[in-house]
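A structural walkthrough
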Amino acid sequence: MSTMSNQSSVTVVTLAQQKQVGEKIVCLTAYDATFAALMADAGVEVILVGDSLGNVVQGHDSTLPVRIYDMVYHAAAVSRAKPRSLIVVDMPFQSYVTPEQALQQAARLMSRGGAQMVKLEGGKTFAVTIETLVAQGIPVCAHLGLLPQSVHQQGGYHVQGKSADDAATIEEDARIVEASGASMLVLECVPSELAASISQQLTIPVIGIGAGPDCDGQVLVMHDLLGIVAGKRPRFVKNFLAGGGSVQGAFEAYVQAVKDGSFPASEHSFPGS
Ligand code: KIV
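Below or above, wherever it landed, is the structure these notes cover. Counting of residues starts from 1 at the beginning of each chain's written sequence and follows it residue by residue. Owing to the predicted nature of the model, reporting of local features is limited to residues with pLDDT of at least 70; listing and counting of side-chain atom pairs is limited to 80 or more, with chain, interface and lining totals taken over all residues. The basis for every side-chain value is the complete set of non-hydrogen atoms in the structure, without hydrogens or water.

**Focus: the packing of aromatic side chains**
Quick note on the threshold: Between the rings of Phe, Tyr and Trp (Trp by its six-membered ring), a pair exists once the centres lie within 6.5 Å; its type follows the angle of the planes, with under 30 degrees stacked, over 60 edge-to-face, and the other angles tilted. Put simply, DSSP H or I for four residues or longer makes a helix, DSSP E for two residues or longer makes a strand, and each gets a number counted from the N terminus.
On inspection of all chains with the given rule, the structure shows four aromatic pairs. Between the aromatic rings of phenylalanine 240 and phenylalanine 263, the centroid separation amounts to 5.4 Å while the plane-to-plane angle is 80°, which identifies the pairing as edge-to-face. Of this pair, phenylalanine 240 sits in the loop between helix H10 (222-225) and helix H11 (247-259) while phenylalanine 263 sits in the segment after H11; the two residues are 23 residues apart in sequence, bridging distant segments of the chain. Centre to centre, the rings of tyrosine 254 and phenylalanine 263 are 6.2 Å apart; their planes meet at 65°, and the pair counts as edge-to-face. One aromatic cluster in this structure is built from Phe240, Tyr254 and Phe263.

What follows is the structure in C-alpha coordinates.
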(Lines give C-alpha, C1' and ligand atoms only; values in the text may rest on other atoms or scores of the structure.)
Protein backbone atom coordinates (compact mmCIF):
# COMPACT_ATOMS: atom_id res chain seq x y z
CA MET A 1 0.00 0.00 0.00
CA SER A 2 2.36 2.74 1.25
CA THR A 3 5.68 2.69 -0.59
CA MET A 4 8.05 5.43 0.60
CA SER A 5 7.32 5.06 4.28
CA ASN A 6 6.94 1.31 4.69
CA GLN A 7 10.11 0.42 6.58
CA SER A 8 11.85 2.91 8.85
CA SER A 9 10.57 5.75 11.01
CA VAL A 10 8.77 8.54 9.21
CA THR A 11 10.64 11.87 9.22
CA VAL A 12 10.20 15.28 7.63
CA VAL A 13 12.41 13.99 4.81
CA THR A 14 10.05 11.04 4.16
CA LEU A 15 7.08 13.40 3.99
CA ALA A 16 8.85 15.77 1.58
CA GLN A 17 9.69 12.78 -0.66
CA GLN A 18 6.08 11.57 -0.55
CA LYS A 19 4.93 15.00 -1.77
CA GLN A 20 7.51 14.92 -4.54
CA VAL A 21 6.36 11.57 -5.91
CA GLY A 22 2.66 12.24 -5.27
CA GLU A 23 2.16 9.62 -2.56
CA LYS A 24 -0.61 10.77 -0.22
CA ILE A 25 0.31 11.32 3.43
CA VAL A 26 -1.97 9.78 6.06
CA CYS A 27 -2.37 11.61 9.35
CA LEU A 28 -4.65 10.90 12.30
CA THR A 29 -4.96 12.25 15.83
CA ALA A 30 -4.10 10.14 18.89
CA TYR A 31 -3.92 10.97 22.57
CA ASP A 32 -2.67 7.74 24.14
CA ALA A 33 -0.25 4.84 23.64
CA THR A 34 -2.76 2.11 22.75
CA PHE A 35 -4.42 3.89 19.84
CA ALA A 36 -1.09 5.35 18.69
CA ALA A 37 0.38 1.83 18.37
CA LEU A 38 -2.69 0.52 16.51
CA MET A 39 -2.74 3.34 13.99
CA ALA A 40 1.01 3.20 13.42
CA ASP A 41 0.66 -0.53 12.64
CA ALA A 42 -2.14 0.31 10.21
CA GLY A 43 0.21 2.60 8.25
CA VAL A 44 -0.67 6.06 9.57
CA GLU A 45 2.42 8.13 8.81
CA VAL A 46 1.79 11.19 10.97
CA ILE A 47 0.23 11.05 14.43
CA LEU A 48 -1.11 14.42 15.55
CA VAL A 49 -1.52 14.88 19.29
CA GLY A 50 -4.13 17.54 18.65
CA ASP A 51 -5.51 20.02 21.12
CA SER A 52 -8.85 18.59 19.92
CA LEU A 53 -8.24 16.44 23.01
CA GLY A 54 -9.96 19.33 24.80
CA ASN A 55 -13.17 18.30 23.04
CA VAL A 56 -12.92 14.54 22.60
CA VAL A 57 -11.01 13.56 25.76
CA GLN A 58 -11.61 16.32 28.31
CA GLY A 59 -15.23 17.13 27.38
CA HIS A 60 -14.80 20.87 26.83
CA ASP A 61 -16.76 22.61 24.09
CA SER A 62 -13.64 24.18 22.57
CA THR A 63 -9.85 23.76 22.58
CA LEU A 64 -9.31 26.97 24.55
CA PRO A 65 -9.04 25.40 28.05
CA VAL A 66 -6.26 22.99 27.00
CA ARG A 67 -2.94 23.69 28.78
CA ILE A 68 0.64 22.93 27.86
CA TYR A 69 0.71 20.41 30.73
CA ASP A 70 -2.14 18.48 29.07
CA MET A 71 -0.30 18.43 25.75
CA VAL A 72 2.92 17.18 27.36
CA TYR A 73 0.98 14.46 29.22
CA HIS A 74 -0.80 13.12 26.13
CA ALA A 75 2.22 13.52 23.83
CA ALA A 76 4.35 11.53 26.28
CA ALA A 77 1.72 8.76 26.34
CA VAL A 78 1.72 8.60 22.53
CA SER A 79 5.56 8.62 22.41
CA ARG A 80 5.76 5.67 24.80
CA ALA A 81 4.15 3.53 22.09
CA LYS A 82 7.30 4.22 20.01
CA PRO A 83 5.29 4.45 16.80
CA ARG A 84 7.20 4.64 13.53
CA SER A 85 4.89 7.54 12.64
CA LEU A 86 6.09 11.14 12.96
CA ILE A 87 4.66 12.66 16.15
CA VAL A 88 3.31 16.20 15.72
CA VAL A 89 2.02 17.99 18.82
CA ASP A 90 -0.26 21.03 19.00
CA MET A 91 0.86 24.13 20.85
CA PRO A 92 -2.23 25.03 22.88
CA PHE A 93 -4.03 28.39 23.08
CA GLN A 94 -1.85 31.24 24.37
CA SER A 95 1.29 29.13 24.60
CA TYR A 96 3.02 30.93 21.68
CA VAL A 97 2.13 34.58 22.13
CA THR A 98 5.76 35.69 21.73
CA PRO A 99 8.60 33.89 19.92
CA GLU A 100 10.40 33.50 23.28
CA GLN A 101 7.38 31.88 24.95
CA ALA A 102 6.86 29.65 21.90
CA LEU A 103 10.46 28.46 22.07
CA GLN A 104 10.19 27.63 25.76
CA GLN A 105 6.88 25.76 25.38
CA ALA A 106 7.86 23.94 22.17
CA ALA A 107 11.02 22.76 23.92
CA ARG A 108 8.84 21.24 26.68
CA LEU A 109 6.70 19.45 24.10
CA MET A 110 9.83 18.01 22.51
CA SER A 111 11.99 17.17 25.53
CA ARG A 112 9.21 15.97 27.88
CA GLY A 113 6.47 15.00 25.43
CA GLY A 114 8.56 13.45 22.67
CA ALA A 115 7.18 15.76 19.96
CA GLN A 116 9.06 15.59 16.67
CA MET A 117 7.26 18.62 15.23
CA VAL A 118 4.99 21.24 16.79
CA LYS A 119 1.88 22.77 15.24
CA LEU A 120 0.57 26.30 15.70
CA GLU A 121 -2.48 28.09 14.32
CA GLY A 122 -1.99 31.21 12.22
CA GLY A 123 -0.14 32.78 9.33
CA LYS A 124 1.99 35.87 8.91
CA THR A 125 1.50 37.00 12.52
CA PHE A 126 3.65 34.00 13.48
CA ALA A 127 6.35 34.32 10.81
CA VAL A 128 9.03 35.35 13.33
CA THR A 129 7.88 32.67 15.77
CA ILE A 130 8.23 29.99 13.09
CA GLU A 131 11.67 31.32 12.12
CA THR A 132 12.73 31.30 15.79
CA LEU A 133 11.63 27.69 16.37
CA VAL A 134 13.15 26.43 13.13
CA ALA A 135 16.45 28.17 13.90
CA GLN A 136 16.56 26.13 17.13
CA GLY A 137 15.97 22.82 15.34
CA ILE A 138 12.25 22.57 16.05
CA PRO A 139 10.22 21.55 12.97
CA VAL A 140 6.96 23.47 12.65
CA CYS A 141 3.61 22.65 11.09
CA ALA A 142 1.41 25.70 10.47
CA HIS A 143 -2.40 25.55 10.50
CA LEU A 144 -4.60 27.85 8.34
CA GLY A 145 -8.27 28.13 7.38
CA LEU A 146 -10.63 27.30 10.24
CA LEU A 147 -8.64 27.96 13.42
CA PRO A 148 -10.33 26.32 16.43
CA GLN A 149 -8.27 28.45 18.86
CA SER A 150 -9.74 31.56 17.16
CA VAL A 151 -13.33 30.29 17.22
CA HIS A 152 -14.62 33.50 18.81
CA GLN A 153 -12.80 35.71 16.33
CA GLN A 154 -13.98 33.62 13.36
CA GLY A 155 -17.56 33.63 14.72
CA GLY A 156 -17.95 29.86 15.04
CA TYR A 157 -16.76 26.77 13.20
CA HIS A 158 -17.34 27.78 9.57
CA VAL A 159 -15.71 27.18 6.20
CA GLN A 160 -13.03 29.84 5.61
CA GLY A 161 -11.71 31.37 2.38
CA LYS A 162 -15.02 31.51 0.52
CA SER A 163 -14.67 35.13 -0.66
CA ALA A 164 -11.90 36.10 -3.09
CA ASP A 165 -10.34 38.38 -0.43
CA ASP A 166 -10.33 35.70 2.28
CA ALA A 167 -8.95 33.13 -0.14
CA ALA A 168 -6.14 35.53 -1.13
CA THR A 169 -5.27 36.10 2.55
CA ILE A 170 -5.05 32.36 3.24
CA GLU A 171 -2.96 31.87 0.11
CA GLU A 172 -0.60 34.66 1.16
CA ASP A 173 -0.34 33.25 4.70
CA ALA A 174 0.50 29.84 3.23
CA ARG A 175 3.36 31.30 1.19
CA ILE A 176 4.63 33.20 4.24
CA VAL A 177 4.66 30.19 6.61
CA GLU A 178 6.56 28.19 4.01
CA ALA A 179 9.07 31.04 3.52
CA SER A 180 9.45 31.25 7.32
CA GLY A 181 10.59 27.63 7.42
CA ALA A 182 7.48 25.59 8.24
CA SER A 183 7.87 21.93 7.19
CA MET A 184 4.17 21.20 6.80
CA LEU A 185 0.80 22.98 6.63
CA VAL A 186 -2.62 21.85 7.83
CA LEU A 187 -5.52 23.46 5.94
CA GLU A 188 -8.87 23.12 7.73
CA CYS A 189 -12.29 23.67 6.17
CA VAL A 190 -11.53 25.64 3.04
CA PRO A 191 -13.00 25.21 -0.46
CA SER A 192 -11.39 22.36 -2.40
CA GLU A 193 -10.23 24.68 -5.22
CA LEU A 194 -8.33 26.91 -2.79
CA ALA A 195 -6.68 23.92 -1.10
CA ALA A 196 -5.71 22.47 -4.48
CA SER A 197 -4.14 25.76 -5.55
CA ILE A 198 -2.16 26.11 -2.29
CA SER A 199 -1.01 22.47 -2.43
CA GLN A 200 0.27 23.08 -5.94
CA GLN A 201 2.07 26.33 -5.08
CA LEU A 202 3.87 25.11 -1.96
CA THR A 203 6.81 22.73 -1.88
CA ILE A 204 6.00 21.62 1.70
CA PRO A 205 3.27 18.98 2.23
CA VAL A 206 -0.25 20.34 2.71
CA ILE A 207 -2.52 18.17 4.86
CA GLY A 208 -6.24 18.80 4.52
CA ILE A 209 -9.23 18.35 6.80
CA GLY A 210 -12.41 19.45 5.07
CA ALA A 211 -10.17 20.80 2.30
CA GLY A 212 -10.97 18.45 -0.56
CA PRO A 213 -9.12 15.60 -2.29
CA ASP A 214 -6.23 17.51 -3.86
CA CYS A 215 -4.11 18.14 -0.76
CA ASP A 216 -0.90 16.16 -0.30
CA GLY A 217 -2.44 14.27 2.61
CA GLN A 218 -5.42 14.08 4.96
CA VAL A 219 -5.99 14.28 8.69
CA LEU A 220 -9.02 13.38 10.81
CA VAL A 221 -9.77 13.42 14.52
CA MET A 222 -9.66 9.74 15.56
CA HIS A 223 -12.99 9.85 17.39
CA ASP A 224 -14.68 11.20 14.23
CA LEU A 225 -13.16 8.41 12.11
CA LEU A 226 -14.53 5.85 14.58
CA GLY A 227 -17.95 7.54 14.63
CA ILE A 228 -18.01 7.75 18.42
CA VAL A 229 -18.66 11.48 18.81
CA ALA A 230 -22.15 12.47 19.91
CA GLY A 231 -24.06 15.19 18.05
CA LYS A 232 -24.06 16.41 14.48
CA ARG A 233 -21.26 15.02 12.32
CA PRO A 234 -19.30 17.60 10.30
CA ARG A 235 -19.56 17.18 6.50
CA PHE A 236 -15.87 16.30 6.11
CA VAL A 237 -16.01 13.31 8.47
CA LYS A 238 -16.45 9.67 7.46
CA ASN A 239 -17.15 6.86 9.91
CA PHE A 240 -14.67 4.13 8.93
CA LEU A 241 -15.85 1.79 11.70
CA ALA A 242 -19.36 1.56 10.24
CA GLY A 243 -20.11 -1.84 8.77
CA GLY A 244 -19.03 -3.89 11.76
CA GLY A 245 -15.25 -3.79 11.40
CA SER A 246 -12.67 -3.52 14.17
CA VAL A 247 -10.82 -0.41 15.30
CA GLN A 248 -7.69 -1.73 13.56
CA GLY A 249 -9.77 -2.41 10.44
CA ALA A 250 -11.14 1.14 10.53
CA PHE A 251 -7.61 2.58 10.68
CA GLU A 252 -6.53 0.34 7.79
CA ALA A 253 -9.59 1.34 5.73
CA TYR A 254 -8.78 5.02 6.32
CA VAL A 255 -5.14 4.55 5.27
CA GLN A 256 -6.25 2.71 2.12
CA ALA A 257 -8.89 5.34 1.25
CA VAL A 258 -6.45 8.26 1.63
CA LYS A 259 -3.75 6.46 -0.33
CA ASP A 260 -6.03 5.56 -3.25
CA GLY A 261 -7.71 8.98 -3.26
CA SER A 262 -11.23 7.69 -2.53
CA PHE A 263 -11.35 9.76 0.70
CA PRO A 264 -12.31 12.53 0.83
CA ALA A 265 -15.05 12.27 -1.81
CA SER A 266 -17.03 15.30 -2.99
CA GLU A 267 -19.64 14.74 -0.26
CA HIS A 268 -16.88 15.32 2.35
CA SER A 269 -15.59 18.51 0.68
CA PHE A 270 -16.65 22.13 0.33
CA PRO A 271 -17.06 23.65 -3.13
CA GLY A 272 -15.98 27.25 -3.83
CA SER A 273 -18.52 30.11 -3.50
O1 KIV B 1 -6.42 19.51 17.19
C2 KIV B 1 -6.58 18.82 16.18
O3 KIV B 1 -6.97 17.66 16.22
C4 KIV B 1 -6.32 19.44 14.89
C5 KIV B 1 -6.86 18.76 13.66
C6 KIV B 1 -8.30 19.03 13.56
C7 KIV B 1 -6.13 19.15 12.43
O8 KIV B 1 -5.73 20.48 14.82
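**Quick notes on the nonpolar core**
Heads up, the condition is: Here the nonpolar core consists of buried residues drawn from Ala, Val, Leu, Ile, Met, Phe, Trp, Tyr and Cys, with membership extended through side-chain atoms lying within 4.5 Å. Each residue's exposure class comes from its accessible area (1.4 Å probe, protein chains only) as a fraction of the maximum for that residue type: buried when under 20%, exposed when over 50%, partly exposed otherwise. Contacts: residue pairs with any heavy atoms within 4.5 Å of one another.
Among the nonpolar cores identified, the biggest contains 83 residues, and Leu185 and Leu187 are the most heavily contacted of them. Among the elements that make up this core, the one with the highest residue count is H11 (six residues). In this view, leucine 185 contacts Cys141, Ala142, His143, Leu144, Ala174, Val177, Ile198, Leu202, Ile204, Pro205, Val206 and Ile207; residues no more than four positions away in its chain are not counted.

**What about the sheet that holds strand E2 (residues 46-49)?**
To be explicit about the condition: DSSP-based pairing: two strands are paired if at least 2 bridges between them are found. Between N-to-C directions, angles cover 0 to 180 degrees, with each direction set by a line fitted to C-alpha atoms, over the stretch in contact for helices.
Sheet architecture is closed into a barrel: eight strands sit in the order E1-E2-E3-E4-E5-E6-E7-E8, paired in parallel fashion. The sheet shows a mean angle of 25° between the axes of neighbouring strands, direction not considered. As judged from the three bridges shared by strand E1 (residues 25-29) and E2, these two strands associate in the parallel manner. The residue of E2 that forms the bridge with threonine 29 is leucine 48. Sheet strands in contact with H11 are E1 and strand E8 (217-220), and its direction is about 145° off that of E1.

**As for the site of the ligand**
Our working definition: Residue proximity to a molecule or strand is established when one non-hydrogen atom of the residue lies within 4 Å of it. N or O atoms within 3.5 Å of each other form a polar contact, as long as, within protein, one can give a hydrogen and the other can take it, and as long as residues adjacent in sequence are counted only when both atoms are side-chain atoms. Per-residue and other accessible areas were derived by the Shrake-Rupley procedure at a 1.4 Å probe size, with only the shown protein chains allowed to occlude residues. Each residue receives one of three labels: charged for Asp, Glu, Lys and Arg, nonpolar for Ala, Val, Leu, Ile, Met, Phe, Trp, Tyr, Cys and Pro, and polar for the others, Gly being one of them.
The environment of the ligand is formed by Thr29, Leu48, Gly50, Asp51, Ser52, Asp90, Lys119, His143, Val186, Glu188, Ile209 and Val221. Here an oxygen atom of the ligand sits 2.8 Å away from a polar atom, N or O, in the side chain of lysine 119. Against a free-state accessible area of 260 Å², the protein chains account for coverage of 95% of the ligand. Tallied by class, the residues present in the shell around the ligand amount to four nonpolar, four polar and four charged.

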